[in-house]
Amino acid sequence: MTTSTLRRALTTTATVGVLLLAATACSDDSSAEQTPTTASASSSAPASAPASASASPTGSDRSTPMDIRVTIDGQEVEATLNDSPAARDLASLLPLTLDLKDFHGTERIADPPRKLITENAPEPLAPKAGDLAYFAPWGNLAIFHKDGPSASEDLLVLGHIDADADVLSGADRITIEAAS
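Residues numbered from 1 in each chain as written. Predicted model: local features only at pLDDT ≥ 70, side-chain atom pairs only at ≥ 80, totals over all residues. Heavy atoms only, no water.

Our next topic: unusual backbone geometry. Omega for the bond connecting Leu94 with Pro95 falls within 30 degrees of zero, at 5°, which places this linkage in the cis form. For Pro95, the position within the fold is in the loop between α2 (85–92) and β3 (96–99). The backbone of Asp73 sits at a positive phi, close to 50°, despite the residue not being glycine. By the element assignment, Asp73 lies in the loop between β1 (66–72) and β2 (75–81). A positive phi angle, near 55°, is found at His104, a position not held by glycine. As for its position among the elements, His104 is in the loop between β4 (101–103) and β5 (107–110). Accessibility expressed as a relative area gives 66% for His104, which makes it exposed. (Helix = DSSP H or I, 4+ residues; strand = E, 2+ residues; numbered from the N terminus. Buried < 20%, exposed > 50% of the residue type's maximum accessible area, 1.4 Å probe, protein only.)

So this is what it looks like as structure tokens:
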């Protein structure tokens, strides 16, 4: 096991433990007998994938999602960022308005004003349609309108945009703002 993998596993374990403690402390006695669902990963996830605080069909949740306001070609859509270090770094750059271009008929890409931090990244996930991701080697953001390739340590899923694939596939401009 590499140092990086071990570090991620320990960070994930500590985060899940803190979330379980917080959930237990905030619950009343009647719900204390319930078994927490955060301790188990979905059967389709690999054994090394981190458990998340809430299940997501895209797998892009990391811990506590941050709501953001996204406008695609003038149309507002709901979106969230996960709580990964790279997603928090992206949030520090908001508001952003970026021009998008097609990449391989699977995603729309744009360049943020600077590269995002990638240290302490969670385990890689294969991107799904609607995922907002960051490709570290090129330093660009990607909005997937089709499911992407297999998981890669170079591609960090930052969050999810709740929009139809048709809206995402033809998007020319995106504005991302902090939710108020």
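Still more ground to cover, so stick around.
One recurring pattern in soluble globular proteins is that nonpolar side chains are buried together. Among the nonpolar cores identified, the biggest contains 28 residues, and Val70, Ile72, Leu90, Leu158, Ile161 and Ile174 are the most heavily contacted of them. Of all the secondary structure elements, the ones that give two or more residues to this core are β1, β2, α2, β3, β6 (131–135), β7 (140–144), β8 (155–162) and β9 (173–178). Sequence-distant contacts of Leu90, defined by excluding residues within four places in its chain, comprise Leu81, Leu96, Leu116, Leu132, Leu141 and Leu158. Ile109, Ala133, Ala142 and Leu155 belong to the second-largest nonpolar core, a separate cluster that totals 5 residues. (Core = buried A, V, L, I, M, F, W, Y, C linked by side-chain atoms within 4.5 Å. Contact = heavy atoms within 4.5 Å.)

Now for the packing of aromatic side chains. Summed over all chains, the structure comprises 2 aromatic pairs. Ring centres of Phe103 and Trp138 lie 5.4 Å apart, and the angle between their planes is 85°; on these two criteria the pair is classed as edge-to-face. Of this pair, Phe103 sits in strand β4 while Trp138 sits in the loop between β6 and β7; the two residues are 35 residues apart in sequence, bridging distant segments of the chain. Classification of Phe103 by relative accessible area gives partly exposed; the value is 22%. With a centroid separation of 5.1 Å and an interplanar angle of 80°, the aromatic rings of Phe135 and Trp138 are classed as edge-to-face. (Phe/Tyr/Trp six-rings, centres within 6.5 Å; stacked < 30°, edge-to-face > 60°.)

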